[in-house]
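An overview of the molecular structure
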Amino acid sequence: MKDQKILKVCKIDSIAFASFALKQKADFFGVHVIYKKDIGKRFQLVQDIKAQNGKVIIVTYINDLVTLQEVIALYQPAGIQFHYPFNAELVQTIKQTNPKLSLFGVLSDEESSPNFAQMDQLLDWVVYDTNYRGGTGEASAYKHLKNIPPSLLSKTLLAGGINPKRVRELAKVGTAGFDVQSLFRSGNLLNFRSLENLVDVLKFPRTRSFSVSLTDIPLTQMKNIGRYFVDPNLDYHLDYSDTSLYPNFDTTKCGIEEKERFLSQLPHSIHFFLNSNEKLREQIADFYKKYSLSLTHVFLQFFPEIDCSLFTSQRKHGYEEKFNDSVLKVIPSVFYKDLDLFFERFIECDFISIVVPPPEKKQNIESFIEVYKRHEDKFKDKEVWLDRNLNIEFVKMFQQRLGRDFNYIIGKEVISDWTKLPAIHEQISKA
Ligand SMILES: O=C(O)c1ccccc1N[C@@H]1O[C@H](COP(=O)(O)O)[C@@H](O)[C@H]1O
């Protein structure tokens, strides 16, 4: 497991994005109450995030004590971010009256001689941003970085034009993590995939996610997708199969396009079952264009003739098109019997999904366990998904026998009975 960094996602203003950030295990959720006139706005959103144990940090320019106390009393957030030059007296008073509140100060290169000792003494976290305006998307030179004492550095979040490339460059400077806003916006729209890409660097590898396949759900039952907002692990995917790889598997009759329209506001993934590199390339590019902000990743069904590196090797693990800066994450989906062949060819890839045998085939399960254990060292540093016919007993069994957490793809078990979700969620969430 790589060194995981703190992530504060800022300017949360939609429940879909908040839910996605919760699933991505963001540590702090910045919600804007920038001016006095904003008090009361996003109140319900804050309640919804708190109800799922998300730590809400109110980000504000407000700098008078009385109004700040009003904001704190109303929202009862986990923390408050004073987005202006550090004011020791004000912070001290807020600290005395709200001892449990996390206090976020801001440092920027606009400051000529910061008082690090006082900041360290009074603040729980420091956001080191490019300027005191905030949210500009401009990268900072961080000229004070070398002078910040270690204890303050260990509670500093770097902000200002942060993206996966900058995170890699800044990974070794010893700060706690990052605070990000502009990256997640493409014009006025939220870009879910850019958060997925950032988390791939900050909190890799994910575990305990589960993706429910909506391929076989009747259209009238699509109303159930609202569960997305209340289950912090759950997301959705659709299968795309034209019978070319598996003759009996035809999803063209499953209302996929209509289901896609339902999902257009929610991040989701597609599992492609196609029998040629060309078809895959064409379909991935097509879906990437159609759902350029909400398609977060795809699963590719592995077959002996596929060249997975065509899709997974760009920028290490993604498929990139010129029109958008974010990377479409590609996860090869490998039938357990093909694992030996897959690893002969594509050991470099960071993500893998394994199609496991059905629960009743006990003998096959033993063969899967054997092949898994034989390749265990390769799975150690990968994000691993288990796919197919999973139910709660099966999840439990794999957790116990393979001694680690996975991500899971679940289909019929959930869509035939959505009341099973809480128990599955509980099992998956267990350490
Ligand atoms: O994000 C904003 O729009 C914002 C507005 C006013 C005060 C603070 C704001 N956000 C802070 O800006 C940086 C993120 O910078 P970037 O957009 O990623 O370049 C971070 O400190 C946020 O807390």
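Residues numbered from 1 in each chain as written. Predicted model: local features only at pLDDT ≥ 70, side-chain atom pairs only at ≥ 80, totals over all residues. Heavy atoms only, no water.

**A short note on the environment of W125**
Rules: Helix and strand assignments come from DSSP, with helices taken as H or I runs of at least 4 residues and strands as E runs of at least 2, each series counted from the N terminus.
Topologically, W125 is positioned in strand 6 (residues 125-129). With 29 residues separating them along the chain, W125 and S154 place their C-alpha atoms 8.8 Å apart.

**Some points on the site of the ligand**
So the rule is basically this: Residue proximity to a molecule or strand is established when one non-hydrogen atom of the residue lies within 4 Å of it. Between N or O atoms, a polar contact is any pair within 3.5 Å; within protein, one atom must be a potential hydrogen donor and the other a potential acceptor, and residues adjacent in sequence are included only when both atoms are from side chains. Here the Shrake-Rupley method, with its probe set to 1.4 Å, supplies the accessible areas, and only the displayed protein chains count as covering residues. Classes in brief: Ala, Val, Leu, Ile, Met, Phe, Trp, Tyr, Cys and Pro nonpolar; Asp, Glu, Lys and Arg charged; the others, Gly included, polar.
Around the ligand, the structure places 23 residues, and the nearest of them are G135, G137, G161, D179 and S182. G137 has a polar backbone atom sitting 2.9 Å from an oxygen atom of the ligand. At 3.0 Å, a backbone N or O of Q181 approaches an oxygen atom of the ligand. Against a free-state accessible area of 500 Å², the protein chains account for coverage of 96% of the ligand. For the shell around the ligand, the secondary-structure elements that each account for two or more residues are strand 6 and strand 8 (177-180). Partitioned by chemical class, the residues of the shell around the ligand number seven nonpolar, 11 polar and five charged.

**A look at the packing of helix 3 (residues 65-75) against helix 4 (residues 88-97)**
Spelled out, the test is: Angles shown run from 0 to 180 degrees and are taken between the N-to-C directions of axes, each axis being a line fitted to C-alpha atoms and, for helices, limited to the stretch in contact. Angle categories are assigned with fixed cut-offs, so that under 35 degrees is roughly parallel, over 145 is roughly antiparallel, 65 to 115 is roughly perpendicular, and the rest are oblique. For a crossing to be left-handed, the near helix must be turned anticlockwise from the far one by less than a right angle; the clockwise case is right-handed. Should any heavy atoms of two residues lie within 4.5 Å, those residues are considered in contact.
Where helix 3 contacts helix 4, the two axes come as close as 11 Å, and the packing angle between them is 40 degrees. By the angle between their directions, the pair helix 3 and helix 4 is classed as oblique. Our pair here, helix 3 against helix 4, has a crossing hand that is right-handed. Taken together, the residues of helix 4 that come into contact with helix 3 (itself represented by L65, L68, Q69 and I72) are L90, T93, I94 and T97. A breakdown of the residues in the contact of helix 3 with helix 4 according to their chemical character gives five nonpolar, three polar and no charged.

**Quick word on the pairing of strand 17 (residues 351-355)**
Quick note on the threshold: The buried label applies to any residue whose accessible area, calculated with a 1.4 Å probe on protein chains only, is under 20% of its type's maximum; exposed applies above 50%, and partly exposed to all values in between. The handedness of a crossover follows from its direction of travel: if, with the strands pointing away from the viewer, the path from the first strand over the helix to the second runs clockwise, the crossover is right-handed. Pairing between strands is defined by DSSP: at least two bridges between them are needed.
Most of strand 17 is tucked away: five of the five residues are buried. Neither face of strand 17 is left uncovered, since the one carrying F351, S353 and V355 and the one carrying I352 and I354 both have all their residues buried. As for the winding sense of the linkage, the β-α-β connection from strand 16 (residues 328-335) through helix 12 (residues 339-345) to strand 17 is right-handed. Here five bridges tie strand 17 to strand 18 (residues 383-387), and the two strands are oriented parallel to one another. By the bridge assignment, S353 is partnered in strand 18 with W385.

**Remarks on the pattern of salt bridges**
Any two side chains of opposite charge can pair, on the condition that their charged atoms come close. Definition in use: Salt bridges are defined by distance alone: a side-chain nitrogen of Lys or Arg within 4 Å of a carboxyl oxygen of Asp or Glu.
Under the counting rule described, the total for this entry stands at 23 salt bridges. For K329, the salt bridge identified is with D200, shortest N-O distance 3.1 Å. With a gap of 129 residues between them, K329 in strand 16 and D200 in helix 8 (residues 192-202) connect regions that are remote in the sequence. Take K329: its relative accessible area is 0%, and that puts it in the buried class. A residue is classified by how much of its surface remains accessible, and D200, at 4% relative accessible area, is buried. Across the pair K329 and E383 runs a salt bridge, and its minimum N-O distance is 3.3 Å.

**Remarks on the side chain of K259**
Which entries qualify depends on this criterion: Charged-residue counts in this description rest on Lys and Arg as positive and Asp and Glu as negative, His and the chain ends being excluded.
Note on placement: K259 falls in helix 9 (residues 256-262). Despite its burial, K259 remains without a salt bridge, the nearest opposite charge being carried by D216 at 6.4 Å. Reaching out from K259, the side chain makes a polar contact with the backbone oxygen of L214 at a distance of 3.0 Å. With sequence-adjacent residues up to four places away left out, K259 is seen in contact with L214, T215, D216, I217, L219, M222, L238 and C254.

**Things to note about the nonpolar core**
Let me state the cut-off plainly: By nonpolar core is meant a set of buried Ala, Val, Leu, Ile, Met, Phe, Trp, Tyr and Cys residues that side-chain atoms within 4.5 Å join together.
Counting residues in each nonpolar core, the largest one holds 125 residues, and the members touching the most others are L214, Y236, I354, F368 and F398. If we skip the residues at most four places from it in the chain, I354 touches V334, Y336, L339, F368, Y372, F379, V384, W385, L386 and D387. One finds F104, W125, V127 and Y132 within the second-largest nonpolar core, a separate group that totals 10 residues.

**Here's the deal with the UniProt feature "domain: N-(5'phosphoribosyl) anthranilate isomerase (PRAI)" (unreviewed entry) in the protein chain**
Rules: UniProt positions are given in the numbering used here, feature names are shortened, and annotations may be inferred rather than shown by experiment.
Under the UniProt annotation, the feature "domain: N-(5'phosphoribosyl) anthranilate isomerase (PRAI)" (unreviewed entry) is placed at residues 56-182. Within the segment residues 56-182, helix and strand shares are 31% and 23% respectively, and the terminal C-alpha atoms sit 18 Å apart.

**Looking at the state of the cysteines**
Such a bond, covalent and formed between the sulfur atoms of two cysteines, is termed a disulfide. Rule in force here: For this text, the term disulfide refers to a pair of cysteine sulfurs within 2.5 Å.
Taken as a whole and assessed by the stated rule, the structure comprises zero disulfides. Its sulfur unpaired, C349 is 7.0 Å from the next cysteine sulfur, which belongs to C308. Classification of C349 by relative accessible area gives buried; the value is 6%.

**Quick look at the packing of helix 1 (residues 15-23) against helix 8**
With their axes 11 Å apart at the nearest point, helix 1 and helix 8 run at an angle of 15 degrees to one another. Here helix 1 is positioned roughly parallel relative to helix 8, judged by the angle of their axes. Handedness of the helix 1/helix 8 crossing: right-handed. Contacts from A16, F17, F20 and A21 in helix 1 reach F192, L195 and E196 in helix 8.

**Quick look at the sheet that holds strand 3 (residues 56-60)**
Ordered by their spatial adjacency, eight strands build a closed barrel running 1-2-3-4-5-6-7-8, and the pairing between neighbours is parallel. Each strand axis lies, on average, 25 degrees off the axis of its neighbour in the sheet, ignoring direction. Where strand 3 lies against strand 4 (residues 79-82), four bridges are found, and the strand directions are parallel. For I58, the partnering residue across the bridge sits in strand 4 and is I80. Strands strand 1 (6-9) and strand 8 of the sheet are contacted by helix 8, whose axis makes an angle of about 160 degrees with strand 1.

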